[in-house]
Amino acid sequence: MKKEKKFQTNAIHGGYDCQQFEGSLTPPLFQTSTYVFNSALEGERRFSGEEDGMIYSRLGNPTVRLLEDRMALLEGGAKGLAFGSGMAAVSAVLMHHVKKDSHILCSKGIYGCTYGLLTWLKEKFNISFNLSNMQTKEELHESINDKTSCIFIETPINPTMEVIDLTMVVEVAKERGIPVIVDNTFCSPYLQSPLTMGCDFVVHSATKYIGGHGDVVAGILVGQNEEDIVAIAGNERKDIGGIMSPFDAWLLLRGLKTLHVRMDRHCENAEFIAQKLQQHKNIETVIYPSLLTGDKKRIIDSQMKKPGGIISFTIKGDKQEAQTLLDHLQLIKVAVSLGDTESLIQHPATMTHAVVPENERQNMGITDNLIRLSVGLESWEDIWEDLEQALNVISTDRV
Ligand SMILES: *Cc1c(COP(=O)(O)O)cnc(C)c1O
C-alpha cells in the first residue's frame, strides 16, 4: 500500500507524475478549448460516458483536473471541482442543494456576496434563509426546519472572527440528515480541515490564500461524496458554465506549492501585529483568534492549526476616523480581498458588507468603526510602523 504523504509534500507533488509529461518538472498548461477524437466512434463513446477522456474544456481540462485532484487530497475529500470564482463555487453548491421553497441555515456572518446571492434566491425562487449564532445544539435544532436543505458555515466568520464548533454542528446535522457546507477561505486547507471533521463540502475563494499572489480570481469546491461532485460538475458547472481557465489553474498549482510556508508566515506576522494593536491608545478591541478565551479558545485549538492571517479591530471613533486611518496608510494597501503577499486593509461596513442591510450588519457585529486587515508577508515591523503612524493621526477628541 502507498504510504500517505504529509500536507507539505502533497501540496507540491500530489496527483502529478512528471514521467507522463516528458519529465516536465512543472505541470503543463493545457491551454486548449477542445480535444480531438481519434474517430467518430470514440466521440460517441466519450459523450455516452462509456469511455473516459477529454471532450471540451467546459467539461474538463487536464491542468484544471490536476488542481482539483490536489485540492481534494489536501482537504481530505473524495473529489474537487474548480470554478471561475469563489462565488461560482458557492452558488453551484447551494444550487445543488436547494429546490423550490427550500430553507438554508447560515452562520451569523457570511461573505457579503453569499448574502446577496441568498437574498435574490429568496426574492426570485422563494428560497428562505436565516442566520444563526450556532453556539449551542439547542440553538441549532431550533433553527432547523423540515425544509432545511443545507447548513452553510463560515468559521472564523468574516470579518468578526466569531468561531463555530464544527464537531457540534456535524453532530446535529447528522442527526437531522442535513449536509454541512463550510466556506474555508479564511483558513485554507492548511489551517482547517472541515471534511475530516465530518462536514460534507468545503468551498474556497482560491483568489485568496490558495492563489496567494493577488493575480487570480477563482474558486474550488471539494466534497466528501464523489457522486455529489459529479452531479454538480454535470449540472451546475457544465450548464451554468462558471469554469476555471487552464491558466488560472496553473497559477493556483504554483500558489499551492508554497501555501504552507506562506501561511506559517502570515500567522506569525499577524500574531505580532495583533499584540501591538492591543496596546495602541486609539484601538477599542482587537479580534484575532489567538486572543479568544474560554470556550471559543477551546474550539479554535481543536479545529484550527494556527490562528490565521486576518485581524479585525475596532478603533475609537466612527466611520470618519476609520476612513481617516485608511487614507493615511502608505505601505498597507486599501483594497478588498485577502491572503496576498501584500498587506490589505478594508472597511467592511462600506465595502465587503455594504450589501448587507444596516440592522443585519449590526447584528453580525459589523459596526462603522470595524476594520479588517489581511496581514501580508512584508516585515511585520514595517507593517506595524505604517499602521501605528496612521493610528496616531486619528483624532479621538470627539469620542
Ligand atoms: C472572497 C470570498 C468569497 C468570494 O470569492 P471570489 O473569488 O471573490 O468570488 C467567498 N467567501 C469568502 C470568505 C471570501 O473571502
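Shown above is the structure to which this text applies.
Heads up: these notes are all about the structure in this document. Worth saying up front: this structure is predicted, and the values here are computed from it rather than measured.

1. Regarding the packing of helix α3 (residues 62-75) against helix α10 (residues 246-257)
Okay, step 1: Between α3 and α10, whose axes approach to 8 Å, the crossing angle comes to 35 degrees. Here α3 runs over α10; the crossing is left-handed. Note on element contacts: α10 touches α3 through Pro246, Ala249, Trp250, Leu252, Leu253, Leu256 and Lys257, opposite Thr63, Val64, Leu66, Leu67, Arg70, Met71 and Leu74.
Okay, step 2: Residue classes in the contact of α3 with α10 are distributed as eleven nonpolar, one polar and two charged.

2. As for the packing of aromatic side chains
Okay, step 1: A complete count under the given rule lists seven aromatic pairs for this structure.
Okay, step 2: Ring centres 5.3 Å apart and planes at 50 degrees place the aromatic pair Phe7 and Tyr190 in the tilted group. Pair noted here: Phe7 is in helix α1 (residues 7-13) and Tyr190 is in helix α8 (residues 188-191), with a separation of 183 residues, a long-range link.
Okay, step 3: In this structure Tyr190 comes out as buried when scored by relative accessible area, which is 8%.
Okay, step 4: Look at Phe247 and Trp250: their rings are 6.1 Å apart centre to centre, the planes differ by 15 degrees, and that puts the pair in the stacked class. Of this pair, Phe247 and Trp250 both sit in helix α10, separated by three residues, roughly a single helical turn.
Okay, step 5: Residue classification places Trp250 among the partly exposed residues on the basis of a relative accessible area of 24%.
Okay, step 6: Aromatic rings pair up to connect Tyr16, Phe21 and Phe30 into one cluster.
Okay, step 7: The cationic tip of Arg237 hangs over the ring face of Phe83; the distance from NZ or CZ to the ring centre is 6.0 Å.

3. A look at the pairing of strand β3 (residues 128-132)
Okay, step 1: Bridge count for strand β2 (residues 103-107) against β3 is five bridges, and the pairing is parallel. Looking at β3, one finds that Ser107 is bridged to Ser132.
Okay, step 2: Crossover β2 to β3 through helix α5 (residues 112-125) is right-handed.

4. Description of the nonpolar core
Okay, step 1: Residues Leu67, Leu94, Ile104, Phe152 and Leu221 are the most contacted members of the largest nonpolar core, which totals 73 residues.
Okay, step 2: Two domains each provide a minimum of three residues to this core, namely domain 1 (7-30 + 61-256) and domain 2 (260-398).
Okay, step 3: If we ignore the near neighbours within four places in the chain, the residues touching Leu67 are Ala82, Ile220, Met244, Ala249, Leu252, Leu253 and Leu256.
Okay, step 4: Counting residues in each nonpolar core, the second largest holds 26 residues, with Ile283, Val286, Ile311 and Leu391 among its members.

5. Considerations on unusual backbone geometry
Okay, step 1: Looking along the chain, the bond that leaves Thr155 and enters Pro156 is cis, with omega of -5 degrees.
Okay, step 2: One can find Pro156 in the loop between β4 (148-154) and α7 (166-176).
Okay, step 3: Unlike most non-glycine residues, Asp101 shows phi in positive territory, near 70 degrees.
Okay, step 4: Along the chain, the position of Asp101 falls in the loop between α4 (86-97) and β2.

6. Focus: the site of the ligand
Okay, step 1: Surveying the vicinity of the ligand reveals the residues Ser85, Gly86, Met87, Tyr111, Glu154, Asp183, Thr185, Ser205, Thr207, Lys208, Ala218 and Leu338.
Okay, step 2: Note that an oxygen atom of the ligand is positioned 2.9 Å from one of the backbone N or O atoms of Met87.
Okay, step 3: Separating a nitrogen atom of the ligand from a side-chain N or O atom of Asp183 is a distance of 2.6 Å.
Okay, step 4: When the ligand is considered free in solution it has 380 Å² of accessible area, and contact with the protein chains removes 92% of it.
Okay, step 5: Of the residues contributing to the shell around the ligand, the split by class is four nonpolar, five polar and three charged.

7. Quick look at the packing of α4 against α5
Okay, step 1: Packing of α4 against α5 leaves a shortest axis separation of 10 Å and a crossing angle of 40 degrees. As the angle between them shows, α4 and α5 are arranged oblique. Here α4 runs over α5; the crossing is right-handed. Across the interface between the two elements, Met87, Val90, Ser91, Leu94 and Met95 of α4 pack against Cys113, Thr114, Leu117, Leu118 and Leu121 of α5.

Calculation rules
Residues numbered from 1 in each chain as written. Predicted model: local features only at pLDDT ≥ 70, side-chain atom pairs only at ≥ 80, totals over all residues. Heavy atoms only, no water. Axes fitted to C-alpha atoms, helices over the stretch in contact; angles between N-to-C directions. Helix = DSSP H or I, 4+ residues; strand = E, 2+ residues; numbered from the N terminus. Left-handed = near helix turned anticlockwise from the far one by under 90°. Contact = heavy atoms within 4.5 Å. Nonpolar A, V, L, I, M, F, W, Y, C, P; charged D, E, K, R; others polar. Phe/Tyr/Trp six-rings, centres within 6.5 Å; stacked < 30°, edge-to-face > 60°. Buried < 20%, exposed > 50% of the residue type's maximum accessible area, 1.4 Å probe, protein only. Lys NZ or Arg CZ within 6 Å of the ring centre and 35° of its normal. Pairing = 2+ DSSP bridges. Right-handed = clockwise from strand over helix to strand, strands pointing away. Core = buried A, V, L, I, M, F, W, Y, C linked by side-chain atoms within 4.5 Å. Domains from an automatic or database assignment. Near = heavy atom within 4 Å. Polar contact = N/O pair within 3.5 Å; in protein donor to acceptor, adjacent residues only side chain to side chain. Areas by Shrake-Rupley, 256 points an atom, 1.4 Å probe, with all protein chains shown as cover. Parallel < 35°, antiparallel > 145°, perpendicular 65-115°, else oblique.

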